[in-house]
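Remarks on the overall topology
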Amino acid sequence: MEPFEPELLPPQGVNLIALLPLIGVANRAIATLDGLFYGIPNPNVLLSPITTQEAVLSSRIEGTQADLEDILKFEAGEPPKEQSRREDIHEVMNYRNALRLSEKMLEDKPFCLNTLLKLHSVLMDSVRGHNKARGQFRTIQNWIGKSDCPIEEAAFVPPSPIYLQEHMNRWEAYWHSEAPDALVQLSVLHAQFEILHPFNDGNGRLGRMIIPLFLFEKKILNRPSFYMSAFFDARRDEYITLLRALGAPGSWTRWSRFFLEGITVQAEENTKKARAIQDLYERLKKQVLDLTHSQYAVPLLDFMFERPIFRSSDISHLEHMPSTPMIATLLGKLKRNGILHTVREGAGSRAQVLALAELINLCEGKNVLGTKSATFNSQNTSSL
Ligand SMILES: Nc1ncnc2c1ncn2[C@@H]1O[C@H](COP(=O)(O)OP(=O)(O)OP(=O)(O)O)[C@@H](O)[C@H]1O
Ligand SMILES: [Mg+2]
């Protein structure tokens, strides 16, 4: 099988007129999400679990088994016994680190190919990324196919490494160009990135990561918190089929239509989830204040939203917190009232591990930890 010869960007034959209705709908969905970001008083705190959940979902497409609860427990000093699970957690945490780093990097300078190399380096910082030329574009011919299949049996052979840098330069120039529609431009950037397959590994994850970055840089979103992995995972076969068809007549328009639908679906999902988290925060704030009448209630709640599974001893390390016995009294009240859930009882010098179960269930979209209240349901949560 010969290496694929990709189209030079911008691709010809994107039928913008045919895409117009979907462009309108996708833009409205994104604008609603953006509006919500403006209204959230403490987005870093409230959106933090959504970022972790995206790291979990995007890494799951690659095949890692870790879930949100595994990550949060690990952070609370509860690692799993199996080595492979620990490696999975490491991969997810790398993904989240790369996401957070990307946000910081864009504050300092515009996106460029070096940003991409840096993110790849962070993503591949693990045992599994050892031989994967971390932070470098590939210099070898790669191919996509069943695990360990020879190139003759490949489903797709990306362009030769000889032309890769040139294609990446064009890709970067297209990123910064003024295209007729930014969302269609983004659909092209994602697809062309996957076609070029510039790295030995991690192309799927980086291709998904650049989506919020582009929207942030183009000022379509005021925060790069928009995630599409759930859609790509749910519609994986269609996603791959459409990518594989690129180059055929009408293929770019079909691909962009699919991508725009993904933006709409995910913007609506992300909005629902962010709104539900915000509602939960407001409800718990009131409840915790009523229960404790404490000046520490809100800082404590903020901490729990950022770290929904934690050791009680983690709190005493925070600034401006009361004495350990006072913290124990506060946590005891929250436990008795069903706000906190015990993951592990304390024993001797080992601190107890607690969870804000409702927040985790809401992010996961199902009941993973015992809680009195219902799982994520936008109708429920908005009336809380
Ligand atoms: N026929 C194809 N043409 C172009 N790109 C493809 C094709 N099939 C799959 N892909 C892309 O390749 C990605 C996988 O590449 P790679 O293994 O380098 O990335 P990853 O991040 O390690 O894996 P994953 O995407 O499974 O998480 C897929 O996510 C998809 O975006
Ligand atoms: Mg891979």
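Since the model is a prediction, treat every value here as computed from it, not as a measurement.

What follows is about the overall build of the protein. Secondary structure assignment for the protein yields 17 helices and 3 strands. Expected size for 384 residues packed as a compact globule is a radius of gyration near 21 Å; at 23 Å, the protein falls within 12% of this value. Counting only C-alpha atoms, the protein reaches 70 × 45 × 35 Å along its principal axes. In the protein, which comprises 384 residues, the share counted as buried stands at 38%.

Turning our attention to the sheet that holds strand β1 (residues 309-311). Read across the sheet, 3 strands follow the order β1-β3-β2 without closing on themselves; strand pairing throughout is antiparallel. The sheet is open, and its two borders are formed by β1 and β2 (341-344), each paired with just one other strand. Put simply, the sheet's adjacent strands are angled 35 degrees from each other on average, direction ignored. Here 3 bridges tie β2 to strand β3 (residues 353-355), and the two strands are oriented antiparallel to one another. Each bridged residue has a counterpart across the sheet, and for arginine 344 the counterpart in β3 is valine 353.

Mean pLDDT for the protein: 93, with 96% of residues reaching 70 or above. Considering only residues more than four positions removed or in separate chains, one finds that residues 372-384, a stretch of pLDDT under 50, has 20 contacts.

Looking now at the packing of helix α12 (residues 251-292) against helix α13 (residues 297-306). Contact geometry of α12 with α13 gives a least axis separation of 9 Å together with a crossing angle of 140 degrees. Compared by their axis directions, α12 and α13 come out oblique. Handedness of the α12/α13 crossing: right-handed. Between α12 and α13, the residues in contact are Tyr281, Leu284, Lys285, Val288, Leu289 and Thr292 and Ala297, Val298, Leu301 and Phe305, respectively. Of the residues that constitute the contact of α12 with α13, the class distribution is 8 nonpolar, 1 polar and 1 charged.

In the region of ligand 1, 16 residues are neighbours, and Glu62, Phe156, Asn203, Gly204 and Arg205 sit closest. Those elements that place two or more of their residues in the shell around ligand 1 are α3 (48-62), α8 (182-196), α9 (203-217) and α11 (236-244). Looking at the shell around ligand 1 residue by residue, the classes come out as 7 nonpolar, 4 polar and 5 charged.

Often the size quoted for an interface is simply the accessible area lost on bringing the parts together. Along its sequence, the protein is organised into domain 1 (16-272) and domain 2 (273-382). A separation of 31 Å is found between the C-alpha centroids of domain 1 and domain 2. Opposite the 22 residues of domain 1 that make contact, domain 2 presents 25 residues. Within the residue set of the side of domain 1 that touches domain 2, elements represented by two or more residues are α2 (43-46), α3, α4 (68-75) and α12. Residue classes in the side of domain 1 that touches domain 2 are distributed as 10 nonpolar, 6 polar and 6 charged.

Quick look at the nonpolar core now. Among the nonpolar cores identified, the biggest contains 90 residues, and Phe214, Ile263, Ala355 and Ile360 are the most heavily contacted of them. A total of 14 residues in this core trace back to one element, the largest contributor, which is α12. Residue-level mapping places this core at the junction of two domains, with at least three residues from each of domain 1 (16-272) and domain 2 (273-382). Setting aside residues up to four positions removed in sequence, alanine 355 forms contacts with Pro308, Ile309, Leu340, His341, Val343, Ile360 and Leu369.

Further remarks concern unusual backbone geometry. Cis geometry is adopted by the peptide bond preceding proline 10, which originates at leucine 9 and carries an omega value of 0 degrees. Non-glycine residue aspartate 148 carries a positive phi angle of around 65 degrees. Positive phi values are uncommon outside glycine, yet histidine 293 reaches one of about 45 degrees. Within the secondary structure, histidine 293 is located in the loop between α12 and α13. The exposed category is assigned to histidine 293, around which 8 C-beta atoms lie within 10 Å.

Attention shifts here to the environment of leucine 330. Considering the arrangement of structural elements, one finds leucine 330 in helix α15 (residues 324-336). Its 22 C-beta neighbours within 10 Å are what place leucine 330 among the buried residues. Separated by 179 residues in the primary sequence, leucine 330 and isoleucine 151 have C-alpha atoms spaced 61 Å apart. Dropping the residues within four chain positions of it, leucine 330 is found in contact with Thr292, Ser294, Tyr296 and Leu300.

On to α9, then. An α-helical turn contains 3.6 residues, so a residue and the one three or four places further along point in the same direction. The first and last C-alpha atoms of α9 sit 21 Å apart over 15 residues, in line with the 21 Å expected at 1.5 Å per residue. Most of α9 sits inside the fold, with 13 of its 15 residues counted as buried. Just downstream of α9, lysine 219 is the residue with a positive phi angle, here 60 degrees.

The next thing to look at is the packing of helix α5 (residues 83-108) against helix α6 (residues 113-123). Orientation of α5 relative to α6, taken along the N-to-C sense of each, is 155 degrees, at an axis distance of 8 Å. One finds that α5 runs roughly antiparallel with respect to α6. α6 is crossed by α5, and the crossing has right-handed handedness. Across the interface between the two elements, Asn94, Tyr95, Asn97, Ala98, Leu101, Ser102 and Met105 from α5 touch Thr115, Lys118, Leu119, Val122 and Leu123 from α6. Of the residues contributing to the contact of α5 with α6, the split by class is 7 nonpolar, 4 polar and 1 charged.

Quick notes on the rules
Residues numbered from 1 in each chain as written. Chains lettered and ligands numbered in written order. Predicted model: local features only at pLDDT ≥ 70, side-chain atom pairs only at ≥ 80, totals over all residues. Helix = DSSP H or I, 4+ residues; strand = E, 2+ residues; numbered from the N terminus. Rg over C-alpha atoms; globule rule 2.2 N^0.38 Å. Buried ≥ 20, exposed ≤ 12 C-beta atoms within 10 Å, placed from the backbone. Pairing = 2+ DSSP bridges. Axes fitted to C-alpha atoms, helices over the stretch in contact; angles between N-to-C directions. pLDDT = per-residue confidence, 0-100. Contact = placed C-beta atoms within 7 Å. Parallel < 35°, antiparallel > 145°, perpendicular 65-115°, else oblique. Left-handed = near helix turned anticlockwise from the far one by under 90°. Nonpolar A, V, L, I, M, F, W, Y, C, P; charged D, E, K, R; others polar. Near = placed C-beta within 6 Å. Domains from an automatic or database assignment. Core = buried A, V, L, I, M, F, W, Y, C linked by C-beta atoms within 7 Å. Expected span 1.5 Å × (residues − 1).

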